[in-house]
Amino acid sequence: MMDKHYNPAEIEQKWFPHWEETGAFKGGQRPGAEPYCIVIPPPNVTGSLHVGHALNNTLQDILCRFERLRGKDVLWQPGVDHAGIATQMVVERQLAAEGLDRREMGREAFLERVWQWKEESGGTIVNQLKRLGSSADWSRSRFTMDEGLSQAVLKVFVHYYREGLIYRDKRLVNWDPKFRTAISDLEVEPREVDGFFWHFAYPIDGTDETITVATTRPETMLGDSGVAVHPDDERYTHLIGKQVRLPLTDRLIPIIADEHADPEQGSGAVKITPAHDFNDFEVGKRHDLPQINIFDAHAAINDQAPEKYRGLSREEARKVVVADLDALGVLVKIEPKRIMMPYGDRSGVVIEPWLTDQWYVDAKTLAEPAIRAVREGKTRFVPENWTKTYYQWMDNIQPWCISRQLWWGHQIPAWYGPDGSIYVAFTEAEAQAEAGPDVALTRDPDVLDTWFSSALWPFSTLGWPDETPEVQRFYPTATLVTAFDIIFFWVARMMMAGLHFMDEVPFRNVYITSLVRDEKGEKMSKSKGNVIDPLDFINQYGADALRFTMASLETQGRDIKLAESRVEGYRNFGTKLWNAARFCEMNGIGGSADILPPKADLAVNRWIIGEVGKTAQAVTQSLDAFRFDGAANAIYHFTWGSFCDWYLELIKPVLLGDDGPEKDETRAVAGWVLDQILVLLHPFMPFITEELWHGLFAGERGDLINARWPTIGADAVDQAAFAEINWLISLISAIRSARSEANVPAGAKLQVLLQEKDARKLSWLGRHRDLIMRMSRLADIAISDELPGKGAVQFIVEGTSGAIPLEGVIDIAEETARLAKAIAKIEGEIKALSGRLSNEKFVANAPPEVVTEARARLEQERETLDKLRAAKNRLA
């Protein structure tokens, strides 16, 4: 016997361990079936479940459960990323609390502590993903630094190097002075801050002229090696080729012509510091300017600057430089300005563009086949507009800096001889053999960028470089589900590595998820205090409700506005389904043993079978097209509307009547329909559906997770039954709406007059008369040649005209007056809202969420006005 109340937490604790214990998530269990593989975007080992993870993994799980039900051999490959800088930061903080420093401990002891932390605390997010219901093959979970993946990374690095695709070069990088390492663009957080433009007049050598430059970082002028003007800027053409005497350094630097200088920006003249600005670096290369690096690894002034400034921090140097320039009389003005500054997302310090020796991948060469593969349709992006983003980045790709000055990560397999010679090899012994027995070698202390190992994820997780059965069966994978902000950092790099080492794209489809915002449409941030913790929703409403919310809101190309009320609403949907299943159980309706529908003679049973077919087709087509919202809404409306609100009500007379063939048929059909609902709903709400699947079947049957997807489609619609039952539903709905709009008391028994001569509809009326009266709370239904024109509510249903006389039931004059008053009030509110929204200042200056809310209210008020006017007109 089913419990009276739906308890999500109890159900979720029950079924996930069962699925794991029975091997329900394991790939490779259906050798004759079509393979289907998804690799999880590996969360950081330091991570915990956030709302982006919840969306991403819900969508992956929906696809995997859907394809399992369709009979495919599904492998959802899980794992976690070692997250170099994030993990090292966590452990260093722990050590600091104990009064320890990693440099004093040494590399080996420090790494032991990191591995210890990883084993004890590094799996938090995996357990949280399980709470969400993620049906990945957790028995195959991989780690980007496990032995197998480390071998894959080693092989790729060595092969790239020997093919000339990895090299060492001195270039600008994003340098984090706190962690003293290069970081990726993804780890740089641009922030708008209050700053200044300092304007300086540099003296032109041999003349009395000066040229004014402006900068937001005066201290970098110590590393200037040129001043650029636009070649077409007539103000400066006579100065091109002359030299500036750089204040404080007494160095001569040239004035060059370069289109990087914008005549409309500032003075039109730009100081060029190639070692400390990415744009200046490119200008410097074009004009062969010296690269003068004035900062050390701590972002303090080094010995390339005059002695007075050496050892000063950036901030200290700025104050001293400005004061000294002012004393020289070259400070023209200081202009307050809002500027964008790059900050380390983990260190919180200003990132310094820094010239340093690093390892690079020739991304441009690798990008060519990856671009071609997408152009040829071997891999497609959904939504398609993200293809342009992919092309824009790939067509302009820069060398990829892959070295990091950390200890946690894959140490670069390169050894250096005393003369600077480089030996890249699989082992130190191999490097020593190449260098010669008497050459003392020192290994490069740096580790690889985390994205280097995750670029190999689609094939390294399957066992490559070994030719494992999983590599042969599941590569290329079917679909990648990921976020837009790592198209460059991860998707593109997987494409490059997959094509280079596997001669095949790593995935056929790339589905880019929406961005989840708060209910007002604002981006979530800790500073705003609007960050949503998905675990809070799971604890309160259950994982099924959160999952269904995510799916129903996942509209391609549009951001998700996640409101708690939506999650609560889908928790109520679960309760609705639970109560419907209990009603079925109490009326002798159980699960079906057959995937095909039972034979049915009653119109209502033939109708619901057809509705199942239409719904199954809609859900299937939507999921095939990655229209998660369409699939979720199709099964939602069928379950709540067609099944719970209509079918179960329409069959009550049969279920409450005498035993016989009609009752047997109806029980069989109802049980079969409920089974199809559970199967179609399972990818979205796996826990409640598995519980009901077992609770409604008296005998033994396998788990729902391994059941079969409905085989019927829209061709199962019985047109005669469809016409009859839809007319019946429309008639009852029209009568109910008329009662509601006329403000008729719920207990009032009414008469309905119908004007109808069609023999078929009259036969339907005869067959369902008692049902219509019961469900519409009527005293009588009568056929009339003429309908009353006044004192009655009129309606038309599929050509059938009807009227409900209201004399003696309500005070028509009073109701008409009430509606007129309500109409006037709504019209006033619409006028006020329209006035606000037509005011350009309001639309331009009000917060976006306020404007959006006003537009939504206006639309809602207009809909209400239409209904009130229709109700008033019916009483005329």
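Since we're looking at a predicted model, the values are computed, not measured. (Residues numbered from 1 in each chain as written. Predicted model: local features only at pLDDT ≥ 70, side-chain atom pairs only at ≥ 80, totals over all residues. Heavy atoms only, no water.)

This part covers the overall build of the protein. Within the protein, the secondary structure is distributed over 29 helices and 29 strands. Once the C-alpha set of the protein is aligned to its principal axes, its extents read approximately 110 × 65 × 55 Å. Buried residues in the protein amount to 55% of all 876 residues. Across the protein, the fraction of contacts at a sequence separation of at least 24, relative to all contacts at a separation of at least 6, is 78%. When the 99 basic and 128 acidic side-chain charges of the protein are each reduced to a single mean position, those positions are 5 Å apart. (Helix = DSSP H or I, 4+ residues; strand = E, 2+ residues; numbered from the N terminus. Buried < 20%, exposed > 50% of the residue type's maximum accessible area, 1.4 Å probe, protein only. Contact = heavy atoms within 4.5 Å. Lys, Arg positive; Asp, Glu negative; His and termini not counted. Charge placed at Lys NZ, Arg CZ, Asp CG, Glu CD.)

A word on empty space enclosed by the protein. All told, the structure shown has 1 cavity of 30 Å³ or more when counted by the stated rule. Size it by volume and the largest cavity reaches roughly 50 Å³. Sort the elements by how many residues they give to the lining of the largest cavity and helix H16 (residues 487–502) lands first, with 3 residues. Among the residues forming the lining of the largest cavity, the class breakdown is 8 nonpolar, no polar and 1 charged. (1 Å grid on protein atoms, 1.4 Å probe; cavity = no way out; pocket = protein on both sides within 12 Å on 5 of 7 lines; lining within 4 Å. Points joined across faces, edges and corners; volume = space filled by probe spheres on them. Nonpolar A, V, L, I, M, F, W, Y, C, P; charged D, E, K, R; others polar.)

With that settled, consider unusual backbone geometry. Following valine 382, the chain continues into proline 383 via a peptide bond in cis, with omega recorded as -5 degrees. Its location among the elements puts proline 383 in the loop between strand E15 (380–382) and helix H11 (386–395). Look at the link from tryptophan 464 to proline 465: it is a cis peptide, with omega at 20 degrees. A positive phi angle, close to 55 degrees, is found at arginine 180, a residue other than glycine. With respect to the helices and strands, the residue arginine 180 is situated in the loop between strand E5 (166–176) and strand E6 (181–183). Given a relative accessible area of 25%, arginine 180 falls into the partly exposed group. Even without a glycine there, the phi angle at arginine 777 is positive, about 55 degrees. A residue is classified by how much of its surface remains accessible, and arginine 777, at 37% relative accessible area, is partly exposed.

Two numbers describe how helix H6 (residues 124–132) lies on helix H17 (residues 534–541): the axes approach to 11 Å, and their chain directions differ by 40 degrees. With respect to H17, the axis of H6 lies oblique. The interaxial crossing formed by H6 with H17 has left-handed handedness. Across the interface between the two elements, Gln128, Arg131 and Leu132 of H6 pack against Leu535, Ile538 and Asn539 of H17. Of the residues belonging to the contact of H6 with H17, the class tally is 3 nonpolar, 2 polar and 1 charged. (Axes fitted to C-alpha atoms, helices over the stretch in contact; angles between N-to-C directions. Parallel < 35°, antiparallel > 145°, perpendicular 65-115°, else oblique. Left-handed = near helix turned anticlockwise from the far one by under 90°.)

Glancing now at the sheet that holds strand E7 (residues 188–203). Pairing in this open sheet of 3 strands is antiparallel, and the strands run E8-E7-E13 from one edge to the other. Of all strands in the sheet, those bounded by a partner on one side alone are strand E8 (210–215) and strand E13 (331–344). Looking at each pair of strands side by side, their axes are set apart by 20 degrees on average, direction ignored. Relative to E8, E7 runs antiparallel, the two being bridged by 6 bridges. Residue pairing across strands places phenylalanine 200 opposite valine 213, the latter belonging to E8. Contacts from helix H9 (residues 314–328) reach E7 and E13, with the element oriented near 25 degrees to E7. (Pairing = 2+ DSSP bridges.)

For the structure on display, the rule yields 0 disulfides. Looking at cysteine 64, it has no disulfide partner, and the nearest cysteine sulfur is the one in cysteine 37, 8.2 Å off. For cysteine 64, a relative accessible area of 0% corresponds to the buried category. (Disulfide = S-S within 2.5 Å.)

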